[in-house]
Amino acid sequence: MAESIYGDNLPQMQDVMKRLEDRISEIREELKKKYGSDPVEHCLSRIKSEESMREKCRRKGLPETEESALGVLTDAIGLRIVCAFVEDVYTIRDYLAAMPDCTVVQEKDYIRHAKPNGYRSYHMILRVDDAYFAEIQLRTISMDTWAALEHHLKYKKNPAANTDLLVRELKRCADELAATDMSMQTLRNMIYRDELPE
């Protein structure tokens, strides 16, 4: 059996992932007590499989080494946090950025600046304990649904002949879902405003 591309780092990587999961649970509890509802619908985490990491190294023209997997590439540890509302995405982002054992290495706001195909999400790369990278994706339920459906269509074995139409329709759906996200955010803001004492 080939040596692991992660060397002997897997136990530490699993520990980092568990600590991030625990911290997200604490943030959720804190916000639940503060606002009366959980801002996170669900949270998924994973350590990229050996096969996927090796394939990514090949695709990027990198040697299949521990240094490439943990020092150059930044998504060996990954978490996806799906929130109910757009503002929740940014609230969770702020909590994660303030964690004392983490440094924000990179951020990409594909919510305010969607990709041309309509993809929306907030991406963060954290460096934990000055040792391991973790990629965090934050998105709403709508964004997550669109990304999942787009993934199914993108990786279909026999792609549709009219790809231009498909691309336009996917973008249209993404824009409609983004508009719905904004409407839902407005509704929530109205509800909370009405509950505040005068």
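Given the structure is predicted, the values throughout are model-derived calculations rather than measurements.

*Asks:* Mind showing me how you'd approach helix H2 (residues 50-59) here?
*Replies:* Within H2 the residues assigned to the buried category are Met 53, Arg 54, Lys 56 and Cys 57. Along H2, the residues classed as buried sweep out an arc of 160° about the axis, all on the same side. Opposite the packed face of H2, turned more than 90 degrees from it, sit the exposed residues Glu 51 and Arg 59. Tucked inside the fold, the buried residues of H2 contact helix H3 (66-72). The first or second residue beyond H2 is Gly 61, which carries a positive phi of 70°.

*Asks:* Mind showing me how you'd approach the domain arrangement of the protein here?
*Replies:* We note that the domain assignment places domain 1 (10-141) and domain 2 (145-192) within the protein. Placing a centre on the C-alpha atoms of domain 1 and another on those of domain 2 gives a separation of 22 Å. Counting from both sides, the interface comprises 14 residues of domain 1 and, opposite them, 16 residues of domain 2. The largest contributions to the domain 1 side of the interface with domain 2 come from Phe 85, Asn 117 and Arg 120, which together make up 39% of the buried area. Inspection of the region where domain 1 meets domain 2 yields two salt bridges.

*Asks:* How do you make sense of the side chain of Ser 142 when you look at a structure like this?
*Replies:* Along the polypeptide, Ser 142 turns up in helix H5 (residues 141-154). Dropping the residues within four chain positions of it, Ser 142 is found in contact with Leu 177 and Asp 181.

*Asks:* Can you help me understand the environment of Ser 142 in this one?
*Replies:* Exposure remark for Ser 142: the relative accessible area of 15% places this residue in the buried category. Here the alpha-carbon distance between Ser 142 and Phe 85, two residues 57 residues apart in the chain, equals 9.2 Å.

*Asks:* Would you mind showing me how to read the sheet that holds strand S1 (residues 40-47) here?
*Replies:* Backbone hydrogen bonds hold the strands of a sheet together, and the pairing may be parallel or antiparallel. As summarised here, the arrangement of the five strands in space is S1-S2-S5-S4-S3, forming an open sheet in which the pairing is mixed. Where the open sheet ends on each side, the last strands, each with one partner, are S1 and strand S3 (102-109). When the angles between neighbouring strand axes are averaged without regard to direction, this sheet yields 20°. For S1 and strand S2 (residues 77-83), the ladder comprises seven bridges, and the chain directions are antiparallel. Looking at the pairing, Cys 43 lines up with Ile 81 of S2. The strands touched by helix H1 (residues 10-35) within the sheet are S1, S2, S3, strand S4 (122-128) and strand S5 (132-140), with S1 carrying the most contacts at an inclination of about 175°. Running over the sheet, H5 touches S1, S2 and S5 and is turned about 105° from S5.

*Asks:* Any chance you could explain the nonpolar core here in plain terms?
*Replies:* A general trend in soluble globular proteins is that nonpolar side chains are found buried together. Residues Tyr 6, Leu 20, Ile 77, Ile 81, Ile 92 and Leu 96 are the most contacted members of the largest nonpolar core, which totals 39 residues. Secondary-structure elements contributing two or more residues to this core are H1, S1, H2, H3, S2, helix H4 (86-97), S4 and S5. Counting residues per element, this core draws most heavily on H1, at seven residues. Beyond its immediate stretch of four places on either side in the chain, Leu 20 contacts Leu 79, Met 99, Cys 102, Leu 126, Val 128 and Ala 134. Ranked by size, the runner-up nonpolar core spans six residues in total, among them Tyr 110, Trp 146, Leu 170 and Ala 174.

*Asks:* What should I look at first to understand the environment of Lys 33 in this one?
*Replies:* Summarising the element assignment, Lys 33 is placed in helix H1. Owing to a relative accessible area of 73%, Lys 33 belongs among the exposed residues under this scheme. Placed 142 residues apart in sequence, Lys 33 and Asp 175 show a C-alpha to C-alpha distance of 33 Å.

Parameters and conventions
- Residues numbered from 1 in each chain as written.
- Predicted model: local features only at pLDDT ≥ 70, side-chain atom pairs only at ≥ 80, totals over all residues.
- Heavy atoms only, no water.
- Buried < 20%, exposed > 50% of the residue type's maximum accessible area, 1.4 Å probe, protein only.
- Helix = DSSP H or I, 4+ residues; strand = E, 2+ residues; numbered from the N terminus.
- Arc of directions from axis to C-beta.
- Contact = heavy atoms within 4.5 Å.
- Domains from an automatic or database assignment.
- Buried area = accessible area lost by both parts, 1.4 Å probe.
- Salt bridge = Lys/Arg side-chain N within 4 Å of Asp/Glu carboxyl O.
- Pairing = 2+ DSSP bridges.
- Axes fitted to C-alpha atoms, helices over the stretch in contact; angles between N-to-C directions.
- Core = buried A, V, L, I, M, F, W, Y, C linked by side-chain atoms within 4.5 Å.

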